[in-house]
Amino acid sequence: MWLKRAATRLCLVLLAVAGLSYPAVAQDYPGKPITIIVPWPPAGSVDISARALGKEITAALGQGVVIDNRSGAAGSIGSALGARAPNDGYTLTFGNATTHATNVVTMPALSYDPFTDFTPITLVHKSTMVVAVPKSSPVSTFAELIAYAKANPGLTYGTPGIGTPQHLIGQLLNQKAGLQLSHVPYRGGGPVVNDLMGGHITMAVGVLSQYLALEEQGTLKILAIGDAVRNPSIPNVPTISETFDGLVVSGWGALYAPRGTSPVVVKRIGDVARTALASPDFQKVLTAAGLTPAASSPEELVSLMKSDIALWKALPDKGIKLSE
């Protein structure tokens, strides 16, 4: 009997200590620089957003933020690294629609689980998808592109990888317009732009943040966007859905911590991020990059992940291949 009572008292003490540890963590955190793993190359939309957020975290918490770009395999290399990181709040992961949603469907041997290996913190941005061609392209409108692609089966389109929203747009165009576009997956958005400019691919599907300045300089042509409505940064560029009803695809970026990270630390980082997203200066940085600030609760972020996964799981039933 005494042994049972002793065990009960020990459990109560341990629970009390655990409960008291969170405020202590919140008070002491952060005591050293924070690393944010970005599973994509520098200069892409996720990288731009992560770096802007890192500056806001530094200003709010007084500790430096190191951006660690670990690209490859549709973002799964860096994401797997983030999943295995210590859950002390000092290594976070900036995931996106590919790493934390579509990879679940397109990569059967995925080495991490976006739901059980991570603690969601907040959505940070949404990104506009664009269809672009080089300046030297014989087409200048989206309608001309579709006609040109029909007349020339096998034209190539580049994207940051299999399972990305950009890949989805290309496959949907093949289905809805009866095209035979050939997918060329890359390691990230930067190499796609380089090969598009070099004439190695016919067209590209990317994020506005990487194409806007080049379009303004006249070195490439943005012909359409994947949003439901036109983007104020390029109001004369039509949406794809104006031609193909219902074809709306956008991307997003979000912040995650490893599973088991203290809820107090998660809340503190989330509060800082959501405050930053409401800041006019931060919004200006993201808007200039063609990104739309978009905060969320952890629960809302999980719902977004689930809805994207459901969308991709339904595609094979519509005759859309996910592996090419």
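Shown above is the structure to which this text applies.
In this text, all values refer to a predicted model and were calculated from it rather than measured experimentally. (Residues numbered from 1 in each chain as written. Predicted model: local features only at pLDDT ≥ 70, side-chain atom pairs only at ≥ 80, totals over all residues. Heavy atoms only, no water.)

Peer 1: Just to check I follow, could you spell out empty space enclosed by the protein for this structure?
Peer 2: Counted under the stated rule, the structure contains one cavity of 30 Å³ or more. In this structure, the largest cavity encloses a volume near 220 Å³. As for the largest cavity, its lining consists of 23 residues, and the residues nearest its centre are Trp-40, Ser-45, Val-46, Asn-96 and Gln-166. At the level of secondary structure, the elements contributing two or more residues to the lining of the largest cavity comprise helix H2 (45–61), strand E4 (118–134), helix H6 (165–177), helix H7 (189–197) and strand E9 (250–258). Looking at which element gives the most residues to the lining of the largest cavity, the answer is E4, with three residues. Of the residues belonging to the lining of the largest cavity, the class tally is 10 nonpolar, 13 polar and no charged. (1 Å grid on protein atoms, 1.4 Å probe; cavity = no way out; pocket = protein on both sides within 12 Å on 5 of 7 lines; lining within 4 Å. Points joined across faces, edges and corners; volume = space filled by probe spheres on them. Helix = DSSP H or I, 4+ residues; strand = E, 2+ residues; numbered from the N terminus. Nonpolar A, V, L, I, M, F, W, Y, C, P; charged D, E, K, R; others polar.)

Peer 1: Can you help me understand the layout of surface pockets in this one?
Peer 2: Empty space among the atoms becomes visible once a probe the size of a water molecule is rolled across them. The calculated volume of the largest pocket comes to roughly 230 Å³. What lines the largest pocket is a set of 16 residues, and nearest its centre among them are Thr-128, Asp-227, Asn-231, Pro-232 and Thr-292. For the lining of the largest pocket, the secondary-structure elements that each account for two or more residues are E4 and strand E10 (291–293). For the lining of the largest pocket, the class distribution of residues is five nonpolar, eight polar and three charged.

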